[in-house]
Amino acid sequence: MKTQTYVLNLGPQHPSTHGVFRIILELDGETVVKATPVPGYLHRGIEKLAEARTYTQVIPYTDRMDYLASMLMNWGYVAAVEKLMGIQVPERAEYIRVIVGELSRIASHLVATGAYGADIGGLTAFIYTFRDREDVLDMLEMICGSRMTFSYFRIGGVAEDLPEEFYPKIKEFIAKFPACCDEYDGLITGNEIFQARTKFVGVIPPEVAINYSLSGPVLRASGVNFDLRKNRPYSVYDRFDFEVPLGKNGDCFDRFRLRILEMRQSIRIIEQALEQMPEGEIMARVPKVIKPPVGDAYAEIESSKGIYGAYVVSDGSTKPYRVHFRRPSFINLGYLGKLCEGWKIADVIAILGSIDIVLGEVDC
Amino acid sequence: MAQKQLPAELLAALSEKFPGLQVAENQVITVDAARLLPLMQELKENPDYAMDYLTNLTGVDYADRFEMVYNLISFEHGYELMVKCPLPDKENPSVPSLCPLWGGANWQEREVYDLMGINFTGYPGHPTRIFLEDNFPGHPLRKDFQWEGGREA
């Protein structure tokens with residue numbers, strides 16, 4: 001009997017590839033011999049667009065990269081411009097940034113958790129996490145009036161102070177959210193079928209994770225202890241007591257579980273930030289027209305997907321000469337092709353889902 | 001932002017090993033393309049630096065040159081470093097690929113090739129476009145890029 005490998009396109013319309021990502025699979029039966037990821041279906045040229053906008057006008061474009069955690073996307077960009085101009089952000093603004101940033105992280109991890117359950121075949125998880133994500137989005141809407149593309153950060157601070165009605169709502173959320181995490185653990189993490197599908201599947205050894213510049217939960221699931229909030233604290237993160245959860249095996253299960261553990265830590269950070277938050281200004285004294293001196297700056301933050309960096313070059317005019325974004329989803333995908341080799345088609349879905357990509361960020 | 005910089009003696013040792021290296025006040029290192037690969041290898045493999053993580057890699061189109069920018073982190077020591085590599089040949093910009101050192105350079109170099117048209121010598125195979133179609137004319141992140149029917153610069 002003569003057998004031969006055949007080629008199957010997974011995506012771009014497959015739900016697990018978010019509709020804008022394709023993996024060309026060369027298959028031997030159901031086993032993947034070679035996998036070639038093809039991004040680019042959503043590419044909008046944000047880096048080029050930024051060159052024709054003023055520094056402030058770039059902020060809404062960053063929202064549209066990782067639209068599940070827009071606040072964090074704002075943060076990386078404004079941090080780079082602030083570094084370029086030497087702006088000192090007021091303390092209250094830093095605390096607000098931490099609070100909304102961590103809320104965004106929770107919102108993003110909730111999508112990752114729920115959608116991963118759905119990828120594996122349990123749609124209930126999706127409903128549960130989105131129920132709680134609504135609460136987070138309600139709070140963020142109170143702050144900035146938007147539910148997805150927040151554009152709340154400004155160069156030198158944030159757009160507005162937290163409204164009064166935000167405080168009772170967040171207290172209520174802090175009190176109830178750990179129980180929600182327990183619920184996800186009971187519903188998904190503890191599920192036998194889920195474990196059978198994810199444990200020891202798509203293992204990334206720590207040295208490979210470092211070599212391929214992976215970051216965020218994908219890196220830490222392999223046991224590499226690196227979190228910018230801890231290892232190189234920016235903003236006011238050095239004032240909070242929290243842990244960086246680590247995985248043991250670097251498999252799909254660890255990557256999934258880590259996000260739930262991280263959400264629990266985020267709640268701890270928000271709680272402390274609310275307690276410590278000082279009164280005062282929320283904006284530094286920044287000229288109306290932003291004209292940074294000639295030069296360049298690179299700043300990075302720990303986004304929900306990993307290290308998010310912005311490299312900004314100024315020629316002294318009102319528009320950035322060049323902006324480059326280091327998007328964690330894009331770089332985390334760089335190892336996907338090799339990671340899928342030797343696994344079955346169904347495992348490819350499990351592996352792709354566990355990396356937690358947002359295509360807006362991959363294609364930028 | 002709290003950042004840990006390379007100690008002065010390590011920088012001095014680096015300048016000694018690679019003569020002609022420019023070290024700016026803010027520790028940005030500028031190296032020519034010929035010595036980029038050995039320098040990166042030294043930074044990665046010498047345990048004094050242990051810069052085993054290539055965070056970021058990108059290119060900039062200046063009026064007289066292209067310039068590659070690399071950001072490195074050492075997990076062990078916590079150092080971070082920016083390395084710049086100017087490419088004076090504006091017509092045919094080319095730089096050694098870092099793929100032999102880091103797997104993470106692979107996709108990032110493909111992105112730079114696609115959008116900026118910089119060639120990477122030693123890239124496994126040849127860098128192919130990653131975001132745009134294979135037959136797309138030109139490289140959009142170049143300053144002189146103008147597409148038919150596009151907005152005037």
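In this text the structure is predicted, and so the values were computed from the model without any measurement.

About the criteria used
Residues numbered from 1 in each chain as written. Chains lettered and ligands numbered in written order. Predicted model: local features only at pLDDT ≥ 70, side-chain atom pairs only at ≥ 80, totals over all residues. Heavy atoms only, no water. Helix = DSSP H or I, 4+ residues; strand = E, 2+ residues; numbered from the N terminus. Rg over C-alpha atoms; globule rule 2.2 N^0.38 Å. Lys, Arg positive; Asp, Glu negative; His and termini not counted. Charge placed at Lys NZ, Arg CZ, Asp CG, Glu CD. Expected span 1.5 Å × (residues − 1). Buried < 20%, exposed > 50% of the residue type's maximum accessible area, 1.4 Å probe, protein only. Axes fitted to C-alpha atoms, helices over the stretch in contact; angles between N-to-C directions. Parallel < 35°, antiparallel > 145°, perpendicular 65-115°, else oblique. Contact = heavy atoms within 4.5 Å. Nonpolar A, V, L, I, M, F, W, Y, C, P; charged D, E, K, R; others polar. Buried area = accessible area lost by both parts, 1.4 Å probe. Salt bridge = Lys/Arg side-chain N within 4 Å of Asp/Glu carboxyl O. Phe/Tyr/Trp six-rings, centres within 6.5 Å; stacked < 30°, edge-to-face > 60°. pLDDT = per-residue confidence, 0-100. Pairing = 2+ DSSP bridges. 1 Å grid on protein atoms, 1.4 Å probe; cavity = no way out; pocket = protein on both sides within 12 Å on 5 of 7 lines; lining within 4 Å. Points joined across faces, edges and corners; volume = space filled by probe spheres on them. Disulfide = S-S within 2.5 Å.

1. With respect to the overall build of chain A
Counting its regular elements, chain A contains 15 helices and eight strands. The C-alpha atoms of chain A give a radius of gyration of 21 Å, which matches the 21 Å a tight globule of 364 residues would have. Reported as C-alpha extents along the three principal axes, the dimensions of chain A are approximately 75 × 45 × 35 Å. Each charge class in chain A was averaged separately, 41 positive and 47 negative side chains, and the resulting centres sit 5 Å apart.

2. Overview of helix α3 (residues 70-85) of chain A
All names here are of chain A. Between its first and last C-alpha atoms α3 spans 23 Å; for 16 residues at 1.5 Å apiece the expected length is 22 Å, and the two agree. In terms of residue burial, α3 counts as a mostly covered element, since 14 of its 16 residues are buried. One or two steps after α3, the chain reaches Gly86, where phi turns positive at roughly 70°.

3. Describing the packing of helix α4 (residues 91-120) of chain A against helix α14 (residues 345-355) of chain A
Residue and element names in this part refer to chain A. Contact geometry of α4 with α14 gives a least axis separation of 9 Å together with a crossing angle of 175°. Taken together, α4 and α14 sit at an angle that is classed as roughly antiparallel. Along the contact surface, α4 presents Tyr116, Asp119 and Ile120, while α14 presents Ile349, Ala350, Gly353 and Ser354. The residue makeup of the contact of α4 with α14, split by class, is four nonpolar, two polar and one charged.

4. Remarks on the interface of chain A and chain B
Each side of the interface is counted separately: chain A has 41 residues, and chain B has 41 residues. Carbon and sulfur atoms make up 59% of the surface buried where chain A meets chain B, a total of about 3,500 Å² over both sides. The tally of links from chain A across to chain B stands at four salt bridges. Note that Glu111(B) and Arg327(A) form a salt bridge whose closest N and O atoms lie 2.9 Å from each other. Every element with two or more residues in the side of chain A that touches chain B is listed here: α1 (46-50), α3, α8 (206-211), β6 (295-302), β7 (307-314), β8 (320-326), α12 (328-333) and α15 (359-363) of chain A. Of the residues in the side of chain A that touches chain B, the class split is 22 nonpolar, seven polar and 12 charged.

5. Digging into the packing of aromatic side chains
Given two aromatic rings, their pairing is described by the distance between the two centres and the angle made by the two planes. Residues and elements named next belong to chain A. If you walk through the whole model with that rule in mind, you get 24 aromatic pairs over all chains. Here the aromatic rings of Trp75 and Tyr234 are separated by 5.5 Å at their centres, their planes lie at 80°, and the arrangement is edge-to-face. In this pair, Trp75 is assigned in helix α3 and Tyr234 in the loop between α10 (228-231) and α11 (252-276), connecting sequence segments 159 residues apart. You'll find Trp75 and Tyr234 in the same group, each marked buried.

6. Structural notes on the environment of Ser354(A)
All names here are of chain A. Turning to its location among the elements, Ser354 is positioned in helix α14. Taking the relative accessible area as the measure of exposure, Ser354 reaches 1% and is therefore buried. In the structure, Ser354 is positioned 275 residues away from Ala79 in sequence and 29 Å away in space, judged by C-alpha atoms. Excluding residues within four positions of it along the chain, Ser354 makes contact with Tyr116, Cys252, Arg255 and Arg259.

7. Description of the confidence of the model for chain B
For chain B, per-residue confidence averages 87 on the pLDDT scale, and residues scoring 70 or more make up 95% of the total. Interface confidence for the predicted complex, expressed as ipTM, amounts to 0.91; the pTM equals 0.92.

8. Let's talk about the sheet that holds β6(A)
Sheets are built from strands that pair by backbone hydrogen bonding, the pairs being arranged parallel or antiparallel. Residue and element names in this part refer to chain A. With respect to topology, three strands assemble into an open sheet ordered β6-β7-β8, the strand pairing being antiparallel. Looking at the sheet topology across the chains shown, the edges are occupied by β6 and β8. Neighbouring strand axes in the sheet, compared pairwise and without regard to direction, differ in orientation by 15° on average. Where β7 and β8 come together, six bridges link them in antiparallel fashion. Note that in β8 the partner of Ala310 across the bridge is Phe325.

9. A word on empty space enclosed by the protein
Over the atoms, a rolling probe the size of a water molecule traces out where space has been left empty. The tally for this structure, following the rule as stated, stands at two cavities of 30 Å³ or more. Put simply, the largest cavity is a space of about 40 Å³. Along its surface, the largest cavity is lined by Glu47(A), Arg322(A), His324(A), Thr58(B), Gly59(B), Glu111(B), Val112(B), Leu115(B), Met116(B) and Leu141(B). Secondary structure elements with two or more residues in the lining of the largest cavity: β8 of chain A together with β3 (53-61) and α3 (105-116) of chain B. Class assignment for the residues of the lining of the largest cavity results in four nonpolar, three polar and three charged. There is about 40 Å³ of room inside the second largest cavity. Around the second largest cavity sit Tyr67(A), Leu68(A), Ser104(A), Ala107(A), Arg133(A), Leu137(A), Leu140(A), Arg147(A), Met148(A) and Phe150(A), which together line it. For the lining of the second largest cavity, the secondary structure elements donating two or more residues are α4 and α5 (124-144) of chain A. A per-element tally of the lining of the second largest cavity places α5(A) first, with three residues.

10. Remarks on the state of the cysteines
In this structure the tally under the stated criterion is zero disulfides over all chains. Among the cysteines around Cys340(A), which has no disulfide bond, Cys252(A) carries the closest sulfur, lying 9.0 Å off.

11. Looking at the environment of Thr121(B)
Residues and elements named next belong to chain B. Along the polypeptide, Thr121 turns up in strand β7 (residues 119-121). Here the alpha-carbon distance between Thr121 and Ser94, two residues 27 residues apart in the chain, equals 6.9 Å. Not counting the four nearest positions on each side in its chain, Thr121 is found in contact with Ser94, Val95, Pro96 and Ser97.

12. Description of the sheet that holds β3(B)
All names here are of chain B. If you trace the five strands from one edge of the open sheet to the other, you get β1-β2-β5-β4-β3, paired in mixed fashion. Looking at which strands have only one partner, the edges of the open sheet turn out to be β1 (22-23) and β3. Sitting on the sheet, helix α2 (residues 33-45) is in contact with β2 (29-30), β4 (66-73) and β5 (80-87), with an inclination near 165° to β5.

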